There are 2 protein chains.
Amino acid sequence: MITERELQAGSTRSKILAIAAEEILRNGFQSSSIGEILKKACVSKGCFYHHFNTKQALGYAVLDESLTQTKTQMWKPILTSENPLQSVINMLNNPDQYLDCETVKHGCPINNLAQEMSPLDEGFRSRIEAIYTEWKIQLSESLQRCQNSGEMIKEANADEIATLVIAVIQGAVGIAKNAQQPTSFTEYTQGLVNYLQKLQIHN
Amino acid sequence: MITERELQAGSTRSKILAIAAEEILRNGFQSSSIGEILKKACVSKGCFYHHFNTKQALGYAVLDESLTQTKTQMWKPILTSENPLQSVINMLNNPDQYLDCETVKHGCPINNLAQEMSPLDEGFRSRIEAIYTEWKIQLSESLQRCQNSGEMIKEANADEIATLVIAVIQGAVGIAKNAQQPTSFTEYTQGLVNYLQKLQIHN
DNA sequence: CAATATACAGACCAACTAGTCGGTATGTCA
DNA sequence: TGACATACCGACTAGTTGGTCTGTATATTG
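Residues numbered from 1 in each chain as written. Chains lettered and ligands numbered in written order. Predicted model: local features only at pLDDT ≥ 70, side-chain atom pairs only at ≥ 80, totals over all residues. Heavy atoms only, no water.

## Side note on the overall build of chain A
Link 1 in the chain: Counting secondary structure elements, chain A contains 10 helices and zero strands.
Link 2 in the chain: Secondary structure elements of chain A, listed N to C terminal, follow the sequence α-α-α-α-α-α-α-α-α-α.
Link 3 in the chain: The principal-axis extent of the C-alpha atoms belonging to chain A is close to 60 × 45 × 30 Å.
Link 4 in the chain: A sequence separation of at least 24 residues applies to 69% of the contacts in chain A between residues at least 6 apart.
Link 5 in the chain: Carbon and sulfur atoms make up 50% of the accessible area of chain A, which amounts to about 9,400 Å² in all. (Helix = DSSP H or I, 4+ residues; strand = E, 2+ residues; numbered from the N terminus. Contact = heavy atoms within 4.5 Å. Areas by Shrake-Rupley, 256 points an atom, 1.4 Å probe, with all protein chains shown as cover.)

## Things to note about the packing of aromatic side chains
Link 1 in the chain: A complete count under the given rule lists 13 aromatic pairs over all chains for this structure.
Link 2 in the chain: Aromatic pair Tyr195(A) and Tyr195(B): ring centres 4.5 Å apart, planes at 25°, arrangement stacked. In this pair, Tyr195(A) is assigned in helix α10 (residues 183-199) and Tyr195(B) in helix α10 (residues 183-199), connecting two distinct chains. Per residue, the accessibility class of Tyr195(A) equals that of Tyr195(B), and both read buried.
Link 3 in the chain: One aromatic cluster in this structure is built from Phe29(A), Tyr60(A) and Phe124(A).
Link 4 in the chain: In this arrangement the basic side chain of Lys55(A) is found over the ring face of Phe29(A), its NZ or CZ atom lying 4.9 Å from the centre. (Phe/Tyr/Trp six-rings, centres within 6.5 Å; stacked < 30°, edge-to-face > 60°. Buried < 20%, exposed > 50% of the residue type's maximum accessible area, 1.4 Å probe, protein only. Lys NZ or Arg CZ within 6 Å of the ring centre and 35° of its normal.)

## Quick word on helix α5 (residues 84-93) of chain A
All names here are of chain A.
Link 1 in the chain: The buried fraction of α5 amounts to seven of the 10 residues, a majority that puts the element mostly inside the structure.
Link 2 in the chain: Restricting attention to buried positions, one finds in α5 the residues Pro 84, Leu 85, Ser 87, Val 88, Ile 89, Met 91 and Leu 92.
Link 3 in the chain: Those residues of α5 that are buried are in contact with α4 (55-79), α8 (122-148), α9 (158-179) and α10.

## Re the packing of helix α5 (residues 84-93) of chain B against α10(B)
Residue and element names in this part refer to chain B.
Link 1 in the chain: Where α5 contacts α10, the axes come no closer than 9 Å and their chain directions differ by 155°. In terms of orientation, α5 lies roughly antiparallel with respect to α10. Seen along the crossing, α5 lies across α10 with a hand that is left-handed. For the pair α5 and α10, the contacting residues are Leu 85, Val 88, Ile 89, Leu 92 and Asn 93 in the first and Phe 185, Thr 186, Thr 189, Gln 190, Leu 192, Val 193, Leu 196, Gln 197 and Leu 199 in the second.
Link 2 in the chain: Across the contact of α5 with α10, the residue classes break down as nine nonpolar, five polar and no charged. (Axes fitted to C-alpha atoms, helices over the stretch in contact; angles between N-to-C directions. Parallel < 35°, antiparallel > 145°, perpendicular 65-115°, else oblique. Left-handed = near helix turned anticlockwise from the far one by under 90°. Nonpolar A, V, L, I, M, F, W, Y, C, P; charged D, E, K, R; others polar.)

## As for the nonpolar core
Link 1 in the chain: In this structure, Leu196(A) and Leu196(B) are the most contacted members of the largest nonpolar core, which totals 128 residues.
Link 2 in the chain: Residue contacts for Leu196(A): discarding those within four places in its chain leaves Leu85(A), Val88(A), Ile89(A), Leu92(A), Ile161(A) and Val165(A). (Core = buried A, V, L, I, M, F, W, Y, C linked by side-chain atoms within 4.5 Å.)

## Looking at the interface of chain A and chain B
Link 1 in the chain: In this complex, chain A contributes 40 residues to the contact, which on the side of chain B involves 40 residues.
Link 2 in the chain: The junction of chain A with chain B conceals about 3,400 Å² of combined surface from both sides, 53% of it contributed by carbon and sulfur atoms.
Link 3 in the chain: The largest per-residue losses of area from chain A upon contact with chain B belong to Gln115(A), Asn178(A) and Tyr188(A), which jointly make up 20% of the total buried on that side.
Link 4 in the chain: Here Lys136(B) makes a salt bridge to Glu187(A), at a shortest N to O gap of 2.4 Å.
Link 5 in the chain: Taken together, chain A and chain B are joined by 12 residue pairs in polar contact (both at pLDDT 80 or more).
Link 6 in the chain: For the side of chain A that touches chain B, the secondary-structure elements that each account for two or more residues are α1 (4-27), α6 (101-106), α7 (109-117), α8, α9 and α10 of chain A.
Link 7 in the chain: No other element matches α9(A), which puts 14 residues into the side of chain A that touches chain B. (Buried area = accessible area lost by both parts, 1.4 Å probe. Salt bridge = Lys/Arg side-chain N within 4 Å of Asp/Glu carboxyl O. Polar contact = N/O pair within 3.5 Å; in protein donor to acceptor, adjacent residues only side chain to side chain.)

Structural data, given as structure tokens:
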């Protein structure tokens, strides 16, 4: 049974995680200050260290509990749609509908963390790799579904296309972040869209 | 006239820049400590602040004087080669010959800095954007040269292909960095290679 | 040779860092 | 009701940060 007390504690923890995710998106993990997170979450230091043993533990928790969700929220509609290949093309053509302006400004929170922390901390690295692997597998399976339902040519290797899509998106998000404007995103994915359209079978 | 004194000072400055570039590649800009750079460069604090007014100024100098060179060293041979399209394909197929293991581990130094600093500091952002823009233009021109010399089909849009190549490379370097192994790089660029080969005209 | 400017040395500072620790208030449960 | 555990409080510490300041040694120049 879950007590009132545990409920309250859980919401405190969630609040810390949410604020931490924001701060990390803005400043990166290492340059995010616990003190600043405490201030913004209106939480005392004692409270924070009651919920998280170290700053590293906070980082892991943000990945495990917050960012995996973020990724699922973004991609599940696309992957489970009627025609995933078309959905991917739609997303690349209308990124505004899928990416909020925070993401354009600060990039993909998962990829940011990957770039900063993977060479430095195996715990971050393995968690992020798991997310990427799952992403790739799901996208590949969705594309295979397109092939089976006759919406995508069977000559293409679904796995290879999936990896290409992911690489282009990661690259384009990074470049758009640097340009600080979303038009760059479409500019850099246009080549991919043209390629994907050649794989489509229109019934 | 350049005095012996200025020569010595220049070499001190260069030493600081080289060490700083290494440290920034490893830890990022914000998490690189000036103290650590001083220690590794065997240089006093007074000396450092004689050459660079602030940490920010050091970061700008690393971009302007060190990383632009790094980029040129890497790409000039490819861009000015007989058949740039083929050279790009070669590079994607044999990244080991072009990327050292430090780059695989820590990623592209320019892109790292972009992802970390572009949203936070306009000086970093604009410098990096200039490098990217130059890169894209040069690559596009090289591909046009391929089209003119009959090594690449003219139906393709050189500019669009250039941006696609850059996006995929950035994405793949990032993913390889996360996986911490260079095989990921070729895995994620394979789709692009197949695409590029379709653009080739073999005489 | 004397005056000066440059290159460097390193003690010092205020602000900030992650993390600790003794204490407290209160919901839970026997 | 009373003992206990959980959630939280915030002063404190030890160390690090970027940056300043006074001082010095010497190459350059008038």
